Amino acid sequence: MMDNLRTAANSLVLKIIFGIIILSFILTGVSGYLIGGSANYAAKVNDQEISRGQFENAFANERNRMQQQLGDQFSELAANEGYMKTLREQTLNRLIDEALLDQYAHNLGLGISDDQVKKVIFTTPAFQTDGKFDNTRYNAIIGQMGMSADQYAQALRNQLTTQQLINAIVGSDFMLKGETDELAALVAQQRIVREATFDVNALAAKQKVSEQEVNAYYEQNKNNFTAPEQFRISYIKLDAAAMQENASDADIQSYYDQHQDQFTQPQRNRYSVIQTKTEADAKAVLDELNKGADFAAIAKEKSTDIISAKNGGDMGWLEEGTTPEELKNAGLKEKGQLSGVIKSSVGFLVARLDDVEPAKTKPLTEVRDDIAAKVKQEKALDAFYALQQKVSDAASNDNESLAGAEQAAGAKAVTTGWFGRNNLPEELNFKPVSDAIFNGGLVGENGTPGSNSDIITVDGDRAFVLRVVEHKPEAIKPLAEVKDQITAIVQHNKAEQQAKLDAEKLLVELKAGKGDEALKAAGLSFGEAKTLSRTGQDPVSQAAFALSQPAKDKPSFGIASDMQGNVVILALDEVKSGTLPEAQKKAMVQGITQNNAQITFEALMSNLRKEAKIKLGDVITQQQ
């Protein structure tokens, strides 16, 4: 699949980037994702294999994207095994779709050239500094994405190829001008209506409601009159931030002495390279350099490493862990020293050591403030954990109250007012705390206070001990408490039924030509004419556009309900054809064609999946 990127893939720069990524995986304990035999696959799509490493990398990127998007809320989702399994399935399905599209594009003869890929990379604003492509910035960004340069190039190639497919589908869907004009006239159509309104609230005030009707409604709708479960809680809060102590000079010096590696930058070397395909070419380059030729000029002209060549062969600063073995073994010790011809896995190299930056340790004076803050935090956390254990023991030993825990904490417990699941007090609004309150474990028999809670840690630096003071279970409100509410509901329902019945009778009279007398008898009259558009989302507008067109000098009539719940008689007097500005017409056509293209594209994907041989590995069921 990567044949079209041979030139870019055979690059020492990409090898270095990939080395950095491998190193980061090893440090984070996931290097296993990048190794394994041919059986270690996520899926096989026809003859194309999606490796486990490719899947895990894509899943990690998706997980990071979700975490950045959702922030703290993602932690709750990540704890849900079902959600994470679904996220893994979605990631694998996306990779399968990408493979199917790549295969389909190949069958159609679609393709993106190396030059097109390079052009997009070099013109991407994210990879530029002051409007010019920045190789260091490019390497850093794709490294943060967890990708090597060839992986990024291939992902970009797939994206551009997919866009070719989409453009082809969109380009094949169009509307004739006559169809466009007809549809635009329909969309822009206007309707002139008059309204006569039955005021349901006014009718409700006149309705009589019997005790029997109230009782019947209550019995049939008891679940609508439920008082939610209620709690009153006493709690003690421990906060590490309130326990910070000063950091002494001895504490700071001790931390500095014990953590030298945190303040030491290892030796870094800066190399430039010229990469060639053959040993003869490398020897020719070396001869030119030994005769005084400019290294950067030769690199730009002759190096086959397309990325470093753009920067005159400059590889940037490299530490021991990210320096390729070829450069480590080149015997370069002095600044400006040239290597001989180096055989490597990407061809042949001629390298130069441009600069050396010795290992250096920051002096204590430079990092003192940072260390002081760390020491304060560590001492506060030590004190916090010690107090947390002390309070936890006291709360367990005296389970009938928080008195022992108060003495251990050196603070009085706070008691809340009544609250339910939907109005948890702000100071207790943490998921572990709410779970402890509402899971029933702190309530005794018959709603009596139960045991003290275990210590509940929040965000690692706060903790709570809770006790239910009073509890009211969920219950149906008594009839006496909701009688007035039910009476009003029954009155409104009866008024609405009466209004609809009267409207139906009036509609018959209007259609029979006896409207004036009927309106007068009902105490109603039509208001001023209104112009309604098809884009109106209110129920009156929607009802007006459902009416049949009126005959000449003879309105058509209908019934609707307005936004206030009143019943409305509609008289449709006139239908006006409308016109759309060209910009709106163009946007309308574009929206329709894009929607049709989306439907076509989804059908294409469905058909590709149906015809493909897809075999799944076991990555979905792996431990998160």
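- By the naming in an unreviewed UniProt entry, the protein chain goes by Periplasmic chaperone PpiD and is assigned to Leclercia pneumoniae.
- You can read under Subcellular location (unreviewed entry) in the UniProt record for the protein chain the words "Cell inner membrane".
- Under the Sequence similarities (unreviewed entry) heading, UniProt states for the protein chain: "Belongs to the PpiD chaperone family."

What to know about the packing of helix H12 (residues 249–258) against helix H17 (residues 364–397)
Line of reasoning, step 1. The N-to-C vectors of H12 and H17 enclose an angle of 105 degrees; their axes lie 9 Å apart at closest approach. Regarding the angle of H12 to H17, the classification is roughly perpendicular. Packed against H12, whose contacting residues are Asp249, Asp251, Ile252, Gln253, Tyr255 and Tyr256, the element H17 presents Leu364, Val367, Arg368, Ile371, Ala372, Lys374, Val375, Glu378 and Lys379 at the interface.
Line of reasoning, step 2. By residue class, the composition of the contact of H12 with H17 is eight nonpolar, one polar and six charged.

Here we look at the environment of Ile569
Line of reasoning, step 1. Locating Ile569 in the fold gives a position in strand E20 (residues 567–576).
Line of reasoning, step 2. Among the residues examined, Ile569 registers a relative accessible area of 0% and is labelled buried.
Line of reasoning, step 3. Among all residues touching Ile569, those that are not within four sequence positions of it are Arg194, Glu195, Ala196, Phe198, Ala503, Leu506, Leu510, Phe526, Gly558 and Ile559.

Some words on helix H21 (residues 515–522)
Line of reasoning, step 1. All of the buried residues in H21 are Gly515, Ala518 and Leu519. Down the axis of H21, the buried side of the element spans an arc of 100 degrees, and every buried residue falls inside it. When the buried face of H21 is taken as reference, the exposed residues oriented beyond 90 degrees from it are Asp516, Glu517, Lys520 and Ala521.

Quick look at the pairing of strand E12 (residues 347–357)
Line of reasoning, step 1. Sheet analysis places strand E9 (residues 268–276) next to E12, joined by nine bridges and oriented antiparallel. Bridging across to E12, Ile274 finds its partner in Val350.
Line of reasoning, step 2. Inspection of the sheet shows strand E11 (residues 342–344) paired to E12 by three bridges, in the antiparallel sense. The residue of E12 that forms the bridge with Ile342 is Leu349.
Line of reasoning, step 3. The hairpin turn running from E11 into E12, its antiparallel successor, is two residues long.

Conventions used here
- Residues numbered from 1 in each chain as written.
- Predicted model: local features only at pLDDT ≥ 70, side-chain atom pairs only at ≥ 80, totals over all residues.
- Heavy atoms only, no water.
- UniProt positions renumbered as here; feature names shortened; annotations may be inferred.
- Axes fitted to C-alpha atoms, helices over the stretch in contact; angles between N-to-C directions.
- Helix = DSSP H or I, 4+ residues; strand = E, 2+ residues; numbered from the N terminus.
- Parallel < 35°, antiparallel > 145°, perpendicular 65-115°, else oblique.
- Contact = heavy atoms within 4.5 Å.
- Nonpolar A, V, L, I, M, F, W, Y, C, P; charged D, E, K, R; others polar.
- Buried < 20%, exposed > 50% of the residue type's maximum accessible area, 1.4 Å probe, protein only.
- Arc of directions from axis to C-beta.
- Pairing = 2+ DSSP bridges.

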